[in-house]
Each structure stands twice: as structure tokens, then as C-alpha cells.
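What the coordinates show
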Amino acid sequence: MGALEILNDKQTEAAKQIDGPVLILAGAGSGKTRVLTNRTAYMIEEAGISPWNILAITFTNKAADEMRQRIDDLVGFGAESIWVSTFHSMCVRILRRHIDLLGYDTNFSIYDTDDSKAVMKDVLKRLQIDPKQYPEKRFLNRISNCKNELSTPEDEAEEAAGDYADELFAKAYREYQDGLKKNNALDFDDLLMKTVELFKAFPEVLANYQNRFKYIMVDEYQDTNTAQFELIRLLAEANRNICVVGDDDQSIYKFRGANIRNILDFEKVYPDAKVVKLEQNYRSTQTILDAANAVISNNTGRKVKSLWTDRGEGRKIRFINADTAYEEAQDIVESICRAKREGKCTYRDNAVLYRTNAQSRILEEKCIMAGIPYSVVGGVNFYSRREIKDILAYLKTIDNARDDLAVRRIINVPKRGIGATTISKLDEYAQENGLGFYDCCVRAEDILGHGRAAEKIGEFVSLISVLRSKLEFISLEQLVDDILERTDYEEMLNQSDPDDAAERMENIGELINKVVAFEEANDEPTLSQFLEEVALVADIDNVDADTDAVMLMTLHSAKGLEFPNVYLSGMEDGLFPGYMSICSDDPGEIEEERRLCYVGITRAMDNLTISAARSRMIRGETQYNAVSRFVKEIPEDLFEGNLVKKGHTSSPQAAPVSLRTASASPSAHVIPQGGVKKPSVGVKKPFIARAAAFTDLKKGADIAAGSAPDYGPGDRVAHIKFGAGTVKALEKGPRDYQVTVDFDEAGTKKMFAAFAKLQKI
DNA sequence: CGTACTAGTCTTTTT
DNA sequence: GACTAGTACG
């Protein structure tokens, strides 16, 4: 069978080039997944390469699954022996086999950001660093950057060269690593860094993998960081059969350490690289591509590409310039409703994209009011919800009680009368004797003496050991049920927050679904395996293609996806591009935002709608923003004729879509609860609570709307708490006015005008 | 030891 | 405005 028959010339060229370094510059929608899968099929079927020697690395689990599926469909057999995985899960697999060489136990746990935060808090306490002066988040961020650059605590100490703050940081970094190691844990960044460390320190281990992975492919190469680059470089060193696919114009993860130079300089690192450009786009209309090309051409230093299509011009871009964010959301929802009503699309054909997760709220509200089903991707990660973390902590404790954090999370959840003093006593003892926290719990009586505290701890320990001993005989599903039952978890939820209890139980139900699915998918499912899988999922991995619901997600989440109808919402300077990037001295920041815009535009297949609001509430205050500079970079003739004049308030054309309310329509019957709601994708809060929140928001907006400060220096004002005072200074800050007031009673205070709510007197 | 309130942070994006 | 962590009090 011809693996290459459905490819165009360029794609064929890329797929057939299997020896040596290859750079495939794949513009948006140019069929790169098709190239990768067909290339793999070609390697196996035509070139006689063993699937066992192929490694394909993707960015998300979803992409990995999709790729495996598509390879499976193409080749008759052997697809299962190809390694298709994400960077992180590949590293976990390798480390599970060899990390003992680095002095860790192979059943290490993987810490998420919350866990890391807890460890860092501990470190700060131990080093007696004032968390007000050095917030743990800043340290953690910096540590993450270091790890992405493969810089160790020792490297940092050396580089600090006497600088106090830098040395303090190096020390905290060192302590943090020790803390992780003591808990036998790795954080996300460690997974990559430790694998590189392993390969460098043990060449025979590296050789083993080099020997296996003779052909390596990396997807989304523009988003790799230095650690990932190094990992690939090491693996590919022996055979030099490395094929990377990416698009420098879609590099949007700089904040996470991605280094766009990896793709831009590929040919410098591999001078013999074969470069193939894929510029034919199979996704979008020419209008959409013209818009995308126009925007991205404002960036400098890119590999010049020009996307084209033979799909024809298509419909013009629509532009909605609404007065408020509510109207904007209303217009978008209306437009989707109308298209659906006219039978032009399914709900799922529509995606509303935005820059920040917070923007999803208003859209959700409007969807609910109109009775349209929707799914929100992202936001609060499913696995970071409190109830889910609790259950997982039980599972982790049962699986590997060396994870102190997990044990401490649940030792008093639900309440067992174990308090802070008891815990810190045990902690101290553990610290002094180099023991794990759980080990100390086991010996609580020796440490605390007879008494209520020791007794309570004893009950907890026996609960865990009973559950652990059952593990051999019962399924994971039964185990979770058992945990819930023995801890009376539901009862606790009902008592502590009755409003959310039902929703939280639903989430736990969803977790159980995942447990069941996991057990069905694996021949010999183990608890450790399950926990591992769960540690490495992204929100996008949970997007269900079968649900007919409008998709709401950030631009970042949308990468790699496509939709017939795309709504780019909140296109305002200050929001997108974000305020931070506008103010930055580094022009690269705006360029990154522009790439994000490019990604957004190129998600659209047929119809693109761009929208902006003249005013919007951000962090509780109303902002008035100009239409995004990116919109102005799109040639006007690509827009629909009735382009609204900017700055013109509430003209009748402001909303191209009829504003006849949808509430009279079938909406009322279709309350989007059960069927629509995919807890894994993160739909929150029941309908009533939302509606209430909504009216509150609106009230707030009305009050705050006209409130540019009506006072100035010298004026007398009143503050709700500080009483009367005299305004000393009023300076226009970046987001808001900063006002300095000399209060009669409370002294001089500097505050944000929007928060201070000062009354002129 | 547990609860209730307060203060502070957050909003860029996430494996 | 919303959420969280920390603190004061019962």
C-alpha cells in the first residue's frame, strides 16, 4: 500500500527524507500530522525500519494518542512498538528504570505546582527567609527557569559570585532539591533535567537508548526548551536521524522556557540538515490566511513563509465592536445560536477563544442564558481540585507512603482531631532522625507517648494499612469507593460546604470513571501506574470529540486544533496583547503575543469573527481599552462591509447579529447540566449560583463604570475604613490611578483609586 | 483543636 | 471580584 499517495509534493519530500537531520517547517494547517504519520508508515513499510527503532515525541497526550491512532490505521502491524509519547512521560519511563543510579528510588512521586509550593514554603521557614520579601513563587519560577536551562544549584551558587540575593536563591534551590529528594519526589522540570543528567553521567545507559531510538521525530519543535533540546541532541547523537517538525510562527510558550532559537538555529546545529517548507494550507479560506499572514509579517527574524490555499476566498471576517464585555459575549452567543438554528453548523463547530481564562466566565453565563451547551477547556485543572487532590493523596499514601506531602494533606482530612501541634512534633522528630513523616506516624506512640494524639494517629495508620492490604484483592475502583466510605468523605463535604458538595462528589465520580477507564485499558493495572498517568495530563487531553458543545478555551489551549467557526474575543490592547507585553522593553514580548494571535486566526476553517469590547471589568475594575493593534494589522478589505467605525458608541450596526433575546427560545428546556457537562473539562458551579453571581457582576459594573477619580490633590475625601483625609497626590498608574492620602487618623496611605472607593467630601 | 474572619494576591499562558 | 492562606478567637 502506498503510504505516500495522499500527500502533496512537498509533503512527500518531507516524508521520504528519513536519513539524517530533517527540519520540516510546517505552517499552520499544512498537514504536518499527516506527514509525520505517513513518514512513519513509509519508514516501516517501504524502508523496512523496525517500528521498535522509532521514537515520536509530541507535546500533549492528546497529540500522542492521535498520532498513534493514525499510525495504527496506516500500518498493518507493529505500530504498538513505536514509542509515541510526550517529553514528560518519556522521561518518566526512562527514569523509572534507571533513576536509582542517581540515588532516587524508582517509585518516585511526581510533584505538581501545589506540592512544589509546599516544599518551598518549608524551605523558606527552615532558612528563615521572610516570605514577604521573597515570595516562594518567585523562587519556584526561577528554579523552573534554571532547570529548563539545565542549571544546577551549584551552577547558580557559582554564578552568584557573592551577590547576596543570588546566593540566597542558590541556597534555597539546593534546599528545595534536598527536600524533594527526601520525599523521593521529582517536580515537572526535574523529569527532563534528571533524564539529561542520567544520560550524561551514564553513557552506557544513553548508548542503550541511542541504540534503540535510531529514528527520532519531534513535533511542535518550536516549543522545546533547552533541556528538551539537549535530551534530543543526546539521543540523536549516535545515529543523527532526527526529524523535527514545527513552525516558528507558532512558538507561544516562551514563558515556560521554550526557546525559539531551537528551531531557528536548527540548521546551525545540524549543517547537513535537509529543510522542507510546507506552505500549502488545507484548513482555511484565503481570506483567513491573508489575515494571518498580514499579522505575522509584522514580526522580525522569522523564517519567511507564506501560506496559500486552493480553497478559495471564502467569507469575509466579521468584526464585533461591542460596548461592554457582556454585549460582546451576547453577540457571540447570538451568532452561534443563529448559525445553529439555520442548520449551518453543530455546536461543536464553534470555538470561542480568549487570552485569559478569566474571560470564560461571561461567555459561560451567556451560554447558560441562551441554553447552549458548552465546554470550558482549562481553567482550574481537574486534578488540582481540592476533593480530587484529597482522594489522590489517599491513593498516593496507600501506594507509597514516602510522599510526606500526600500524607500530611490527608492526615486530618476528614477531621480526625489531629492538630498542628501533633503534626509539628512528628515533623520535628522526622527531621531530627532522618525518617519519613509516615514512618513517624507508625511509631507515634514512641514519639508522643500514650495519649489521645497518639491514639488518633494510630487510627489513621491502621486505616491506611487496612486499605493497603486490600489493594491486592480489590480493584482500584473498589479501593476508591472504600476510601470514600471509610472516611465518610461525602458526609464531610456536606458539612463543610453544602453548596458545593454535590458538585465535588460529581468530580469524584468523574475520577472514578477515569479509574475504571484506566483499568479497562490496561491488562495489569497498578495503582502506581494510575497515579503516574494522572500526574501528567493536561486539560486539553480531556477534550471529548463526541460532545456537541461550543468550545471555550484560551488561545494557548487551541493550538493544534481547528474549527469551522472561530470567535477571537477580547481583542483589545491591554488584554491582547496583554498589558505586560505592551509595557515591556523587550519587543520580543509583543512578538510572542502576535504569534499567539496568528495561532488564533489560523484555527479557523471557514468563518472568523473578531470581537472587542470598549469597556470590560478586569480584576474588579472597569477598563476602557482600544481595539487591539493586531486587528489593525489586518487589511480592512478582508472585513465584512459593515465594519463599525471605531470609537462610535452603540451604533445600530455595532452588533451585526440581531439582539433579539434567545431566552424566549428553546433555551429554558436545555439547561446545560448533565449531558453537556464534562466535569473533566471543567464546567463549574450550578446554574443558580452562576446566575446570582452574574447580577452581582452587573451591579458592580454600573457603579464602577463612571468612576475616574473625581477628586484631586488637596481635596478632602472619606475612606470607608480610614475615615477622612486629604489627597496628597494622584498619579496615573499603568492600570489605575494611584492615590496618596494623608488620613487624619490613620496616617498616610498609598492605594489604588478603584479599590479605595474614596468619596469626595 | 476547630471555626470565622481578614488580608493579600491574582490574571497571561501549562507539561 | 474571587479565591486562598493566615490569624485571632472561641
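The structure contained in this document is the topic of the report that follows. (Residues numbered from 1 in each chain as written. Chains lettered and ligands numbered in written order. Predicted model: local features only at pLDDT ≥ 70, side-chain atom pairs only at ≥ 80, totals over all residues. Heavy atoms only, no water.)

**Focus on the overall build of chain A**
The test is simple: Numbering goes from the N terminus for both helices and strands, where a helix is a DSSP run of H or I of at least four residues and a strand is a run of E of at least two. When accessible area is computed with a 1.4 Å probe and restricted to protein chains, residues below 20% of their type maximum are described as buried, those above 50% as exposed, and intermediate ones as partly exposed. We call two residues in contact when some of their heavy atoms are within 4.5 Å. Surface accessibility follows the Shrake-Rupley procedure with a 1.4 Å probe radius. Residue values consider only the protein chains on display as shielding.
What chain A contains, in helices and strands, is 32 helices and 20 strands. When the 761 residues of chain A are sorted by exposure, 54% land in the buried category. Put simply, of all contacts in chain A between residues at least 6 apart along the chain, 74% involve residues at least 24 apart. Entry remark: accessible area of chain A is about 33,700 Å², with carbon and sulfur atoms responsible for 50%.

**What about the sheet that holds strand β7 (residues 242-246)?**
Note the threshold: Two strands are said to pair when DSSP picks up at least two bridges between them. Note on method: axes are straight lines fitted to C-alpha atoms, helices fitted across the in-contact stretch only, with angles between N-to-C directions ranging 0 to 180 degrees.
With parallel pairing, the six strands of this open sheet are ordered in space as β3-β2-β6-β7-β1-β8. Every interior strand has two partners, whereas the edge strands, β3 (83-86) and β8 (274-278), have only one. For this sheet, the mean angle separating the axes of adjacent strands, direction not counted, is 15°. Pairing of strand β1 (residues 22-26) with β7, which is carried by four bridges, proceeds in the parallel orientation.

**Description of the packing of helix α6 (residues 136-148) against helix α8 (residues 164-182)**
The condition is simple: Roughly parallel means an angle under 35 degrees; roughly antiparallel, over 145; roughly perpendicular, 65 to 115; everything else is oblique. Polarity classes work like this: nonpolar for Ala, Val, Leu, Ile, Met, Phe, Trp, Tyr, Cys and Pro, charged for Asp, Glu, Lys and Arg, and polar for all others, with Gly in that last group.
Contact pair α6 / α8: the axes reach a minimum separation of 10 Å and the direction vectors enclose 80°. One element, α6, and the other, α8, form an angle in the roughly perpendicular class. Taken together, the residues of α8 that come into contact with α6 (itself represented by F139, L140, R142, I143, C146 and K147) are D166, F169, A172, Y173, Y176, Q177 and L180. Taken together, the residues of the contact of α6 with α8 sort by class into nine nonpolar, one polar and three charged.

**Some details on the environment of L289**
Structurally, L289 is set in helix α14 (residues 286-296). Accessibility expressed as a relative area gives 0% for L289, which makes it buried. With 83 residues separating them in the primary sequence, L289 and L206 have C-alpha atoms 44 Å apart. Ignoring anything within four residues of it in the chain, the contact list for L289 reads N281, S284, L307, W308 and T309.

**Side note on the side chain of T195**
Among the structural elements, T195 can be located in helix α9 (residues 188-201). Excluding residues within four positions of it along the chain, T195 makes contact with C91, I94, L95, D190 and L231.

**Details of the nonpolar core**
Selection criterion: As used in this record, nonpolar core signifies buried Ala, Val, Leu, Ile, Met, Phe, Trp, Tyr and Cys residues forming a set joined through side-chain atoms within 4.5 Å.
Judged by nonpolar contacts, the single largest core of 65 residues is most densely connected at L191, F199 and L235. Top contributing element to this core by residue count: helix α11 (residues 226-236), with seven residues. Beyond its immediate stretch of four places on either side in the chain, L235 contacts L55, M90, F199, L206, Y209, Q210, F213 and I216.

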